[in-house]
Amino acid sequence: NRTLVWFRRDFRLHDHMALARASASTPASQSHLLALYLISPEEWIDHDEAPIKVDFWLRALPILRKDFAALHIPLIIRTLDRAKGQHADVILDVCKQYRISAVHWNREYEVDELARDASVQQLLQTHDRQVYQHHDQCIVPPGQVLTKAGTTSKVYSSFRNSWYTVVARNPSLLKESRFPRANEPSALRELHEAFEDGHIPESLDQFPLAESARERARRDFPVGEEEAKKRLHAFIQKKMGMYGENRSSLALQGTSILSPYLHSGMVSARSCIREAKEANGNRLEGGMAGAVNWMAEVVWRDFFRHILVAHPKVSRNQPFKAEFTRFPWASDSGDRSFQAWTQGRTGYPIVDASMRCLNTTGWLHNRSRMVVASFLCKDLLVDWRKGERYFMQHLLDGDLASNNGNWQWVAASGTDSQPFFRIFNPARQSQRFDPDGAFIREWVKELRDCPKEDIHAPSASIAQRLKYPEPIVDHSKARDRALKAFQQMRSAS
Ligand code: FAD
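Residues numbered from 1 in each chain as written. Predicted model: local features only at pLDDT ≥ 70, side-chain atom pairs only at ≥ 80, totals over all residues.

You'll find the protein entered in an unreviewed UniProt entry as Deoxyribodipyrimidine photo-lyase, with Piptocephalis cylindrospora given as the organism. Looking at the Sequence similarities (unreviewed entry) heading of the UniProt record, one finds this comment for the protein: "Belongs to the DNA photolyase class-1 family." (UniProt positions renumbered as here; feature names shortened; annotations may be inferred.)

Dropping the structure here:
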């Protein structure tokens with residue numbers, strides 16, 4: 001009786017629903033568990049996965065293999081080549097080779113992933129294999145946080161309130177899934193070839209990454225669930241208490257920086273809430289303000305996933321609010337200004353520092369993400385989808401549901417959005433959230449010696465002297481232009 005667990009964005013052994021269920025499904029003496037990971041370059045290119053993120057995944061595989069080997073469980077690795085077969089063919093092939101009768105995996109909710117998984121399920125069932133799909137990515141499975149009318153709330157605050165009620169009523173939602181049982185040592189003999197099945201490449205040609213970026217990522221974002229756990233505990237012990245006060249500061253590291261680990265599933269969102277709740281006297285609401293604020297951020301993650309499932313059109317490049325299909329974006333969708341934005345050469349220090357930070361590290365503070373997204377859509381009038389795509393191609397934590405949900409939130413085309421007329425003033429954002437200019441100085445070398453009074457909006461003469469670009473748009477004129485564009489869309493509706 002052999003069971004396979006197919007790993008995707010869930011690089012961990014602890015608190016892993018599919019693994020726990022697969023492990024518990026048959027008596028120890030009769031069962032052997034195998035794990036599978038598919039390296040899938042063509043699919044990843046289609047999905048704009050960032051090279052820095054692919055590097056993160058490839059780095060995680062040897063650790064996962066080692067952790068499994070300690071339980072006598074082989075991790076089989078296959079690299080897909082569409083010309084030779086799809087996911088379904090490869091998995092069936094693995095099932096035949098190792099006489100596997102059941103396959104488990106954790107669900108992914110994006111449109112392409114759902115279609116992929118449906119075809120895998122169909123082929124396996126046609127060949128008499130059992131298939132079990134588990135909800136694991138969200139704390140509350142999509143479709144289970146509903147309004148009185150039975151729909152998924154489009155307003156985050158009401159979603160969050162219902163979410164708290166659902167979790168309070170079902171404490172098992174936060175319960176840790178059981179750690180998998182080790183295979184009987186006989187597995188080592190019987191499955192001996194599976195332990196060696198599949199080479200883990202160090203890099204993939206399709207995802208080129210400069211050596212300096214690779215080294216930096218290895219230093220700043222070591223992989224593995226041990227590392228993720230360490231970060232979670234350190235955050236809860238040292239920073240969560242002050243999260244409310246420090247989370248928006250660009251110079252302080254006041255947030256958990258767990259997003260790459262959550263996205264790749266090196267830690268479960270359940271563990272984050274469970275441990276924060278415990279540290280808060282077992283309360284989701286009330287108690288330590290920092291804990292409550294932080295847990296509410298993790299709930300945003302569930303929110304955008306629930307939205308993606310309830311409104312699959314957001315997976316298909318469409319605005320959540322239909323009227324935005326008529327929004328008059330800049331006609332060339334701002335090719336020149338888009339380039340200046342990507343390169344961090346807009347002449348707005350906070351925007352440029354943020355984009356250069358993203359390009360170099362693959363990670364960006366939430367405040368910076370909001371500022372650059374607002375600048376692109378509103379000051380430059382570039383279609384938010386170009387920004388969303390650029391983020392996916394560069395973020396270590398690029399995640400369709402969260403990225404799309406937040407871009408649409410900033411662009412005003414999404415659920416429960418920031419209203420269109422609320423347009424960030426970059427200089428004011430910078431004065432508030434980087435008052436001494438420390439973040440700007442770190443990333444915009446030209447401004448390293450710029451006095452504090454000038455750093456948020458250097459004058460033309462200072463910019464010229466320091467060889468820093470002049471602003472590519474005048475913010476107040478750009479603001480008026482954006483508001484007119486919005487009116488134009490409204491009157492066309
Ligand atoms: P913390 O403040 O410590 O929060 C803890 C966790 O809660 C995060 O790791 C994340 O999983 C979740 N979270 C926090 N804020 C949000 C939010 N607004 N929406 C959804 N989940 C949230 N987050 C991604 O994980 N992937 C993305 O691709 C992504 N794209 C974004 C694009 C834009 C334009 C904006 C404005 C935000 C985006 N975010 C995205 C949300 C947010 O910026 C990051 O999750 C956060 O900055 C990660 O840092 P942290 O781990 O220190 O967060």
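Caption draft 1: Fine view of the overall build of the protein. The helix and strand tally for the protein stands at 22 helices and five strands. In terms of its C-alpha atoms, the protein occupies a principal-axis envelope of roughly 75 × 50 × 45 Å. Each of the 493 residues in the protein was classed as buried or not, and the buried ones make up 44%. Across the protein, the fraction of contacts at a sequence separation of at least 24, relative to all contacts at a separation of at least 6, is 76%. (Helix = DSSP H or I, 4+ residues; strand = E, 2+ residues; numbered from the N terminus. Buried ≥ 20, exposed ≤ 12 C-beta atoms within 10 Å, placed from the backbone. Contact = placed C-beta atoms within 7 Å.)

Caption draft 2: The packing of helix α12 (residues 269-279) against helix α13 (residues 289-310), seen in detail. Here α12 crosses α13 at 165°, and the two axes come no closer than 10 Å. The angle between α12 and α13 falls in the class roughly antiparallel. Considering how the two elements wind past one another, α12 and α13 form a crossing that is left-handed. Note on element contacts: α13 touches α12 through Ala 291, Trp 294, Met 295, Val 298 and Arg 301, opposite Ala 269, Cys 272, Ile 273, Ala 276, Lys 277 and Ala 279. (Axes fitted to C-alpha atoms, helices over the stretch in contact; angles between N-to-C directions. Parallel < 35°, antiparallel > 145°, perpendicular 65-115°, else oblique. Left-handed = near helix turned anticlockwise from the far one by under 90°.)

Caption draft 3: Quick look at the site of the ligand. With respect to spatial proximity, 28 residues lie near the ligand, and among them Thr 255, Ser 256, Asn 366, Asn 403 and Asn 406 are the closest. Counting only elements with at least two residues in the shell around the ligand, the list comes to α11 (259-263), α13, α16 (366-379) and α18 (400-411). Tallied by class, residues from the shell around the ligand come to twelve nonpolar, ten polar and six charged. (Near = placed C-beta within 6 Å. Nonpolar A, V, L, I, M, F, W, Y, C, P; charged D, E, K, R; others polar.)

Caption draft 4: Just the UniProt feature "site: Electron transfer via tryptophanyl radical" (unreviewed entry) in the protein, in detail. Per the UniProt record, "site: Electron transfer via tryptophanyl radical" (unreviewed entry) is annotated on Trp 329, Trp 384 and Trp 407. Inspection of the secondary structure puts Trp 384 in helix α17 (residues 384-394). In this structure, Trp 384 is in contact with Cys 377, Trp 407, Gln 408, Ala 411 and Ser 413, ignoring residues within four places of it in sequence. With respect to the secondary-structure elements, Trp 407 resides in helix α18.

Caption draft 5: Focus on the domain arrangement of the protein. You can read the domains of the protein as domain 1 (1-136), domain 2 (137-176 + 224-310) and domain 3 (322-492). Between domain 2 and domain 3, the contact holds 16 residues from the first and 18 residues from the second. When contributions to the side of domain 2 that touches domain 3 are tallied by element, the ones reaching two or more residues are α11 and α13. Top contributing element to the side of domain 2 that touches domain 3 by residue count: α13, with five residues. Looking at side-chain class alone, the side of domain 2 that touches domain 3 contains nine nonpolar, four polar and three charged residues. (Domains from an automatic or database assignment.)

Caption draft 6: Representation of the nonpolar core in the model. Ranked by size, the top nonpolar core spans 121 residues in total, and within it Leu 4, Val 5, Leu 34, Ala 35 and Leu 36 carry the most contacts. Ranked by residues supplied to this core, first place goes to α13 with nine residues. The residues contacting Leu 34, other than those within four sequence positions of it, are Arg 2, Leu 4, Ile 73, Pro 74, Ile 76, Tyr 98, Ile 100, Leu 191 and Ala 194. (Core = buried A, V, L, I, M, F, W, Y, C linked by C-beta atoms within 7 Å.)

Caption draft 7: Structural view of the environment of Val 292. Summarising the element assignment, Val 292 is placed in helix α13. Between the C-alpha atom of Val 292 and that of Ile 273, which follows or precedes it by 19 residues, the distance is 9.9 Å. Not counting the four nearest positions on each side in its chain, Val 292 is found in contact with Asn 280, Glu 285 and Gly 287.

Caption draft 8: The arrangement of the sheet that holds strand β2 (residues 32-39) in detail. Ordered by their spatial adjacency, five strands build an open sheet running β3-β2-β1-β4-β5, and the pairing between neighbours is parallel. Each edge of the open sheet is held by one strand with a lone partner, namely β3 (75-79) and β5 (130-134). When strand polarity is set aside, the average angle formed by the axes of neighbouring strands in this sheet is 25°. Note: strand β1 (residues 2-7) against β2, six bridges, orientation parallel. From the neighbouring strand, Val 5 faces β2, where its bridge partner is Ala 35. (Pairing = 2+ DSSP bridges.)

Caption draft 9: Fine view of α18. The terminal C-alpha atoms of α18 lie 16 Å apart, and with twelve residues this matches the ideal 16 Å at 1.5 Å per residue to within 8%. Along α18, the positions that sit buried rather than exposed are Leu 400, Ala 401, Ser 402, Asn 403, Asn 404, Gly 405, Asn 406, Trp 407, Gln 408, Trp 409, Val 410 and Ala 411. Where α18 is buried, its residues meet α13, α16 and α17. Following α18 by one or two positions, Ala 412 has its phi on the positive side, about 80°. (Expected span 1.5 Å × (residues − 1).)

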